[in-house]
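Chain by chain, the residues run as shown.
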Amino acid sequence: MRIMRDMSFSEALRAMKHGGKVARAGWNGKGMWICIGSGTPGLSASSFWNQHTRAFAEENGGHADVEPYLIMKTAQNTIQMGWVPSQADVLADDWQELLA
């Protein structure tokens, strides 16, 4: 895997919006990265795995819009949906785009 230059969070966000995945050079965990989940307009209630979101979608005419969100591949080899950057992450200039 190649790494593309250090960049700001704004540049990393732009890379993710174009389909890339990024990581911080300063993260201690090996293999961590983030990307954007594109969201889905009009997702069918049957597609929601969570009982509360499924119930909302059913009450909403059988569907609900899912907004875009950040996804993290963690150091524990799990996927964290809805990752939120810390203040340190937003202000860092050590973001790198991970290229296959």
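In what follows, the structure referred to is the one given above.
What counts and what doesn't
Residues numbered from 1 in each chain as written. Predicted model: local features only at pLDDT ≥ 70, side-chain atom pairs only at ≥ 80, totals over all residues. Heavy atoms only, no water. Helix = DSSP H or I, 4+ residues; strand = E, 2+ residues; numbered from the N terminus. Buried < 20%, exposed > 50% of the residue type's maximum accessible area, 1.4 Å probe, protein only. Lys, Arg positive; Asp, Glu negative; His and termini not counted. Charge placed at Lys NZ, Arg CZ, Asp CG, Glu CD. Arc of directions from axis to C-beta.

Novice: Just to check I follow, could you spell out the overall build of the protein for this structure?
Specialist: Regarding its fold elements, the protein presents three helices and eight strands. Overall, the protein shows an N-to-C arrangement of helices and strands of β-α-β-β-β-α-β-β-β-α-β. The buried share of the protein, reckoned over its 100 residues, is 33%. In the protein, which carries 9 positive and 10 negative side-chain charges, the distance between the mean positions of the two groups comes to 9 Å.

Novice: Would you explain helix α1 (residues 9-17) in this entry?
Specialist: One turn of the α-helix equals 3.6 residues, which is why residues spaced by three or four share an orientation. Regarding α1, the residues found buried are F9, A12, A15 and M16. All buried residues of α1 fall inside an arc of 115 degrees around its axis, so they share one side. At the exit of α1 stands G19, carrying a positive phi of roughly 95 degrees.

Novice: Mind showing me how you'd approach the environment of R54 here?
Specialist: Inspection of the secondary structure puts R54 in helix α2 (residues 51-59). Assessed through its relative accessible area of 30%, R54 is described here as partly exposed. Each C-alpha atom, one on R54 and one on S44, is 8.6 Å from the other, the two residues being 10 residues apart in sequence.

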